[in-house]
Amino acid sequence: MMDLTDLPILSIILATPLIGLLVVLLLPKHRNRWLQAAAIIFTLIPLVLSLMLYADYDRHQGGNAYEETANWVEVPLNKETQASNGVTSFTLSFQYDLGIDGLSLPLVVLTTLITAMAAFASVHVKKRWKAFYAWFLLLETGVLGVFMARDLFLFFVFFEITLIAMYFLIGIWGYFNRERAANQFVIYNGLGSAIMLIAFILLVSTAGFHIDQDTSTFIYSGSYADIVRNLADPSAWVNLAPDQTGGLNPFHMSDAMHTVIFLLLVVAFGIKLPILPFHTWMLKVHNEAHPAIVMIHSGILLKMGAYGLIRFGIVLFPEQAKDWAIVLATLGLINLLYGALVAFRQTELKLVLAYSSISHMGIVLLGLAAFNEIGLQGAVFQLVSHGLISALMFLLVGSLYERTRTTTLSELGGLARSMPFISGILLAGGLASLGLPGMSGFVGEFMSLLGLFDSQPWIAGFAVIGVILTAVYVLRAVLKTTFGPIDERFLAVKDARLIEALPMIVLLAFILLLGCYPSVLTDTFQYSVDGVFKPLFSLRMGG
Amino acid sequence: MSSTFAPMTWHDTLYLAPELILAAMFLILIITDLILPQRVNRSLIGWLTLAGLLVSLGAVIWRMIDMNPSGVSAEEAAKAGQAISLLGASYRVDDYGNLLKIVFLIGTSLIVLMGLGSTQKDDAVTDKAEFYYLLLPATAGAMIMASSGNLVTLYIGLELLSITTYVLVGLRKRSSLSAEAAFKYVVTGGIASAFVLFGMSYLYGVTGSVSLADFGTALPQALTDYKALVYVGFFFLIAGFGIKIAAAPFHAWAPDVYQGAPTPVSAFLAVIAKGAALAAVFRLLYSSAFFVSGGSKDQAGDDVMFALLVIAAVAMLVGTLSALRQKQAKRLLALSGVANAGYLLVPIAVSVTIIHSNNFAEFAFYLVAYLLMNVGAFAVVTVIARATGHEELRGFSGLYYRAPWTAVAMLVFILSLSGLPVTAGFFGKLFILLGAASVKAYWLVAIMAVSTVISYYFYFGIIRQMFLRSNDEAETEIHVPAVTGLVIWICAAATVALGVMPGPLMKWIDMVFTIQGDLFVR
């Protein structure tokens with residue numbers, strides 16, 4: 001195999017959907033099949049590339065070999081006021097900086113996989129195909145960019161691109177209350193992004209500052225690597241108290257400011273995750289958006305919240321994360337129990353799944369709050385696993401709705417008779433969701449809780465109740481759909497077509513693969529744990 | 001100081017060429033309009049106006065190249081770059097003025113093009129030629145404000161701009177809304193001018209000079225003698241200019257006036273008139289209040305800057321909050337302009353310090369971004385108004401089906417207005433936010449961010465109308481006049497270009513502009 005490091009492979013993966021977008025724009029707008037074929041092709045290419053990257057990855061530990069940088073924005077800050085200090089220049093520098101590590105690579109693969117499967121599921125889109133696939137492909141670029149970006153502002157730009165693309169995808173192709181859902185989505189997530197932007201600006205204006213000794217240049221850098229390095233370096237300007245630098249240090253970040261920025265990041269990404277009580281927008285989106293879009297939303301976009309929380313919250317502010325771990329754990333527990341209890345009361349299949357997402361994201365939070373290696377492994381595993389499972393479930397919801405025109409539990413029932421295949425997959429997905437050993441859901445929950453038992457046994461004890469509740473509400477929903485008396489209307493409906501069955505089988509295969517061989521994922525992530533996280537844990541645990 | 005009377009020389013006219021070209025063109029066009037028979041289409045005057053603006057733009061650029069030579073030694077460059085002081089130091093030709101003049105001239109050119117597409121068909125405007133040639137003295141007034149070296153020239157520029165715009169607002173003579181708007185604008189504008197003049201008289205009274213160059217040395221002494229009077233002077237100036245730039249709480253006139261005026265004139269008020277008043281405030285404060293702030297023992301300058309910051313914060317919040325319930329496109333843009341006046345005030349009011357000194361670049365970049373998105377949005381409004389006969393927001397419904405490319409361009413403007421990537425508005429706001437954060441004005445950062453999020457509500461409301469709704473009234477395609485289309489596409493393309501690559505423009509501004517040589521009047 002050709003060595004992938006010779007190519008700007010990340011940029012290629014990132015740009016492929018954009019090329020697809022141009023192709024879609026050039027195709028005639030009434031040719032639904034051509035448009036979908038283009039979308040499928042241009043989402044399969046990144047999938048193949050990212051799988052190759054995944055296979056290639058372990059030869060270059062840490063993933064640094066794939067780093068791709070270019071100068072993006074270099075803004076000189078006025079030279080006059082610094083000239084007296086022998087400073088040659090003062091710049092604000094944002095980089096086009098892409099990188100992957102054991103944390104982002106699995107999420108990149110998850111993204112390419114789920115978008116490709118969602119492109120198949122888009123067979124049920126009924127109108128304005130051209131615009132749909134255009135926004136769809138832009139969304140994929142946005143999400144991939146979020147997981148690859150290594151510059152704070154590049155990250156922000158991609159984050160906002162997903163916001164804009166999702167607004168259109170929800171608002172045009174959703175169900176009856178789509179506009180309200182789209183609006184609520186924009187306002188909540190806009191608030192989240194604004195808070196994130198404030199946190200980033202505070203970070204860049206303090207921790208982003210450093211002096212390039214070779215060229216005696218002052219630089220405000222948006223680069224993630226620079227900020228991580230500066231925060232960890234006791235002699236960096238950000239860590240020098242004013243009395244150590246002769247009374248004046250505008251770049252110093254006080255302890256209080258550490259905490260403020262950390263909490264801003266928690267709220268910003270907590271809205272996306274979503275952490276209670278910021279979850280209402282997400283229920284609307286699950287209920288109103290087109291199933292193909294919910295696959296992406298529930299499968300990937302929610303993961304951006306957790307990813308941001310790990311990437312920026314925990315790595316940059318490990319001490320604060322440790323201090324607030326009990327709060328995070330409590331929030332996670334509330335998410336887990338509340339989601340599970342309310343899911344049990346739902347009469348609408350989509351809402352059962354929406355609350356189930358809230359519940360499962362609670363487990364992610366618990367894994368993070370454990371603040372040890374196994375817990376973090378579990379949280380990341382749970383992210384990928386839940387991405388696959390929820391994508392599968394919403395794929396099934398889409399196919400069901402096409403046939404039954406309803407997803408209300410009381411109207412469904414006995415579908416196993418007319419649609420044995422779909423019902424079988426639904427049952428399998430349900431079992432994965434409730435954490436049956438041998439499927440991916442089990443591993444994530446198990447590792448997260450194992451980690452939590454180590455550091456916060458009481459909360460972990462309560463969390464086990466949530467796991468039991470999950471089994472109850474999932475089985476209730478699945479059994480109500482597939483067994484029992486069947487409505488006469490549904491006796492004649494046909495089972496899944498090939499184009500629908502294919503993504504179901506693929507997603508289920510990945511769920512089983514991760515369930516049986518968790519090391520496929522954990523080994524990759526382990527490199528990052530060794531490189532980035534272990535020092536954090538050992539340092540803080542010892543001291 | 002050199003404030004003795006000096007007669008104008010031949011050299012001076014060369015330095016004044018950009019303004020003089022506009023004035024000459026203005027006179028020529030008045031006479032042409034009188035001589036030309038009625039049947040000749042007045043769009044001819046429009047094209048001639050555009051030509052005059054472009055020639056003037058050429059003269060400014062030529063002057064800039066002359067003052068920023070490349071490939072010469074540092075001393076020669078410094079010598080060439082020295083500000084040129086004319087007419088007893090009452091007028092300055094420097095990079096500060098030239099940069100802003102370029103912005104004003106390009107903006108007015110786009111507005112003339114927009115007028116060629118819309119005003120030409122507007123039956124309420126009876127004297128179409130007036131619309132075009134009155135823009136010339138208005139622009140000249142704006143340019144004089146950016147270039148003035150003393151308070152008298154500043155006031156003359158302000159009045160030249162104000163009086164011509166009073167007429168321009170009332171040009172839709174067959175519309176009662178326009179007459180109402182003109183009346184309101186005359187009254188509030190007159191009060192504003194009076195405030196400015198009153199404030200100036202206090203400054204003159206305590207310092208004994210009208211020259212901006214003298215304030216830096218005279219103010220510290222004046223502060224010890226007449227502290228209260230200095231404060232009164234500055235606060236009247238701020239209130240007067242506050243009305244001119246429509247910053248809350250001095251903004252109440254803006255929605256009514258923008259609604260009644262011909263749309264290109266609204267765009268002119270929103271962009272050029274606001275920009276010129278901001279430029280005057282910037283120059284004035286950094287030649288006076290700045291020298292009694294920071295390290296000096298009198299903190300009056302800090303108080304003035306803080307008052308400006310408070311106005312900026314109030315403008316952002318009031319502008320966005322009152323836009324929430326707005327149903328009329330031009331009123332909405334007026335209120336969004338109030339919020340934007342707040343954003344533009346931030347780099348002025350966040351004082352120059354050792355770690356943050358590119359205020360002007362932030363200001364200029366956002367002004368350019370604001371110009372592009374606003375002129376573009378107003379141009380789209382003219383298209384909508386012609387197709388639907390009204391300027392309500394519901395006129396945007398189904399625009400995507402009726403004029404898809406115009407809808408896409410409007411999407412770009414709205415994303416820019418709401419500060420989302422990848423548009424010029426995003427980086428404009430980002431630079432201003434970074435500037436405020438680097439001097440630790442965190443409360444202001446928070447207010448900017450919050451008001452931006454609130455603004456999503458109504459900006460996305462327009463997007464919803466355009467892309468998510470269909471229009472019940474008509475599904476026919478909308479015809480976009482070629483010139484209007486040109487304006488829309490220039491603005492959209494530039495907005496995206498600056499949103500992807502803001503670096504070159506910022507670098508260029510930093511290269512030509514110096515605080516010592518261009519901003520401070522000494």
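Note that the structure is a prediction, hence the values are computed from the model and not measured.

Thresholds, definitions, all that
- One numbering rule holds for all chains: residues counted from 1, following each sequence as written.
- Chain A is the first chain written and ligand 1 is the first ligand written, with later ones labelled in order.
- Under the rules for a predicted model, residues below a pLDDT of 70 receive no local features and side-chain atom pairs below 80 are neither given nor counted, while totals for whole chains, interfaces and linings still include all residues.
- Side-chain numbers come from the whole structure's heavy atoms, not from hydrogens or water.
- A helix here means a DSSP run of H or I that spans at least four residues, while a strand means a run of E at least two residues long, and both kinds are numbered starting from the N terminus.
- Any two residues having at least one pair of non-hydrogen atoms within 4.5 Å are treated as being in contact.
- Using the Shrake-Rupley algorithm and a 1.4 Å probe, accessible areas are obtained, with residue cover drawn only from the displayed protein chains.
- In summary, the charge assignment counts Lys and Arg as positive and Asp and Glu as negative, without counting His or the chain termini.
- Taken as the charge centre is NZ of Lys, CZ of Arg, CG of Asp or CD of Glu, depending on the residue.
- Lines are fitted to the C-alpha atoms to define the axes, a helix being fitted only along its stretch in contact, and any angle between axes, read from their N-to-C directions, falls within 0 to 180 degrees.
- When describing relative orientation, an angle under 35 degrees is termed roughly parallel and one over 145 degrees roughly antiparallel, while 65 to 115 degrees is termed roughly perpendicular and anything else oblique.
- Under this grouping Gly is polar, as are all residues other than the nonpolar Ala, Val, Leu, Ile, Met, Phe, Trp, Tyr, Cys and Pro and the charged Asp, Glu, Lys and Arg.
- Whether a set of points on the 1 Å grid over the protein atoms alone is a cavity depends on a 1.4 Å probe fitting there but being unable to get out, while an open set qualifies as a pocket with protein on both sides within 12 Å along at least five of seven lines; lining residues are those with an atom within 4 Å of a point.
- Grid points are joined across faces, edges and corners, and a volume is the space filled by probe spheres set on the points.
- Here the expected length of a helix is defined as 1.5 Å per residue gap, with one fewer gap than residues.
- Summary of the burial criterion: residues with accessible area below 20% of their type's maximum are buried, those above 50% are exposed, and those between are partly exposed, where the area comes from a 1.4 Å probe applied to protein chains only.
- We define a salt bridge as a contact between a side-chain nitrogen of Lys or Arg and a carboxyl oxygen of Asp or Glu at a distance within 4 Å.
- Throughout, the accessible surface (probe 1.4 Å) given up by two parts as they are put together, summed over both, is called the buried area.
- For every residue, the predictor assigns a confidence score, pLDDT, that lies between 0 and 100.
- Should the near helix be turned anticlockwise from the far one by less than a right angle, the crossing is termed left-handed; should it be turned clockwise, right-handed.
- Strands are labelled as partners when DSSP assigns at least two bridges between them.

Points about the overall build of chain B
Counting its secondary structure elements, chain B contains 22 helices and two strands. Contacts spanning at least 24 positions in sequence make up 79% of the contacts within chain B whose residues lie at least 6 apart. In the structure as shown, chain B presents an accessible area of about 17,700 Å², 67% of it carried by carbon and sulfur atoms. Averaging the coordinates of the 30 positive side-chain charges in chain B and doing the same for the 29 negative ones gives two points 7 Å apart.

Quick look at the packing of helix 5 (residues 95-118) of chain B against helix 12 (residues 263-287) of chain B
How two helices pack is summed up by the angle between their axes together with the distance between the axes. All names here are of chain B. Where helix 5 meets helix 12, the axes come as close as 9 Å, and the angle between the chain directions of the two elements is 170°. Taken together, helix 5 and helix 12 sit at an angle that is classed as roughly antiparallel. Here Tyr96, Leu100, Phe104, Gly107, Thr108, Ile111, Met114, Gly115 and Ser118 of helix 5 lie close against helix 12, whose contacting residues are Pro264, Ala267, Phe268, Ile272, Gly275, Ala276, Ala279, Phe282 and Arg283. Here the residues of the contact of helix 5 with helix 12 are counted per class, giving 12 nonpolar, five polar and one charged.

Looking at empty space enclosed by the protein
For the structure on display, the rule yields 10 cavities of 30 Å³ or more. There is about 160 Å³ of room inside the largest cavity. Lining the largest cavity are 18 residues, with Leu197 of chain A together with Gly419, Leu433, Thr452 and Tyr456 of chain B positioned closest to its centre. Mapped onto the lining of the largest cavity, the elements with two or more residues apiece are helix 5 (152-173) and helix 6 (178-206) of chain A together with helix 18 (424-438) and helix 19 (442-468) of chain B. The greatest single-element share of the lining of the largest cavity, amounting to five residues, is contributed by helix 6 of chain A. Here the lining of the largest cavity is built from residues that sort into 11 nonpolar, five polar and two charged. A volume near 130 Å³ is recorded for the second largest cavity. Every residue lining the second largest cavity is counted, 16 residues in all, and those nearest its centre are Leu353, Ser356, Met393, Ser433 and Val474 of chain A.

Concerning helix 10 (residues 227-244) of chain B
Residue and element names in this part refer to chain B. If you check helix 10, its first and last C-alpha atoms are 26 Å apart, about what 18 residues at 1.5 Å a residue would give, namely 26 Å. For helix 10, the complete set of buried residues consists of Val230, Tyr231, Gly233, Phe234, Leu237, Ile238, Ala239, Gly240, Phe241, Gly242, Ile243 and Lys244. Following helix 10 by one or two positions, Ala246 adopts a phi angle in the positive range, close to 55°.

Thoughts on the pattern of salt bridges
Residues and elements named next belong to chain B. A full pass over the atoms with the stated rule returns 18 salt bridges over all chains. Its salt-bridge partner being Arg63, residue Asp66 comes within 3.2 Å of it at the nearest N-O pair. Of this pair, Asp66 and Arg63 both sit in helix 3 (residues 43-67), three residues apart, which is roughly one turn of that helix. One salt bridge connects Asp94 with Arg92, and the closest N-O pair in it is separated by 2.9 Å. Like Arg92, Asp94 is buried. Beyond isolated ion pairs, a larger network of salt bridges with shared partners links Glu180, Lys184, Asp256 and Arg331.

Some points on the layout of surface pockets
What the largest pocket holds in volume is close to 1,700 Å³. Lining the largest pocket we find 42 residues, and of these Leu21, Leu25, Trp135 and Leu138 of chain A together with Val408 of chain B sit closest to its centre. Elements with a minimum of two residues in the lining of the largest pocket: helix 1 (9-26), helix 4 (129-148) and helix 5 of chain A together with helix 16 (399-402), helix 17 (404-417) and helix 20 (482-500) of chain B. Here the residues of the lining of the largest pocket are counted per class, giving 36 nonpolar, three polar and three charged.

Regarding the interface of chain B and chain A
Put simply, an interface is often sized by how much accessible area is lost when its parts join up. On the side of chain A, 46 residues touch chain B, which itself brings 46 residues to the contact. Summed over both partners, the interface of chain B with chain A comes to about 4,100 Å²; 70% of that surface belongs to carbon and sulfur atoms. Connecting chain B to chain A are one salt bridge. A salt bridge links Glu179 of chain A to Arg464 of chain B; its shortest N-O distance comes to 3.7 Å. Elements with a minimum of two residues in the side of chain B that touches chain A: helix 16, helix 17, helix 18, helix 19, helix 21 (503-512) and helix 22 (515-519) of chain B. Tallying contributions element by element places helix 19 of chain B first for the side of chain B that touches chain A, with 12 residues.

Here's the deal with the confidence of the model for chain B
Looking at chain B as a whole, its pLDDT mean stands at 87, while 96% of the residues score no less than 70. Here helix 4 (residues 74-80) of chain B is the element of chain B with the lowest mean pLDDT, 70, and helix 20 of chain B is the one with the highest, 94.

Regarding the packing of helix 12 of chain B against helix 14 (residues 329-349) of chain B
Residues and elements named next belong to chain B. Contact pair helix 12 / helix 14: the axes reach a minimum separation of 11 Å and the direction vectors enclose 15°. In terms of axis orientation, helix 12 runs roughly parallel to helix 14. Note on packing geometry: the crossing formed by helix 12 with helix 14 is right-handed. Here Thr263, Ser266, Lys274, Leu278, Phe282 and Tyr286 of helix 12 lie close against helix 14, whose contacting residues are Lys330, Gly337, Val338, Ala341, Leu344, Leu345, Pro347 and Ile348. Residues belonging to the contact of helix 12 with helix 14 are distributed by class as follows: nine nonpolar, three polar and two charged.

Regarding the environment of Val412 of chain B
Structurally, Val412 of chain B is set in helix 17. Not counting residues within four places of it along the chain, the set of residues in contact with Val412 of chain B comprises Thr423, Ala492, Thr495 and Val496 of chain B.

Looking at the sheet that holds strand 1 (residues 68-77) of chain A
Residues and elements named next belong to chain A. The strand order across the open sheet formed by four strands is 1-2-4-3, and the pairing between neighbours is mixed. On the outer flanks of this sheet lie strand 1 and strand 3 (209-212), each paired with one strand and no other. When the angles between neighbouring strand axes are averaged without regard to direction, this sheet yields 35°. Inspection of the sheet shows strand 2 (residues 89-98) paired to strand 4 (residues 217-221) by five bridges, in the parallel sense.

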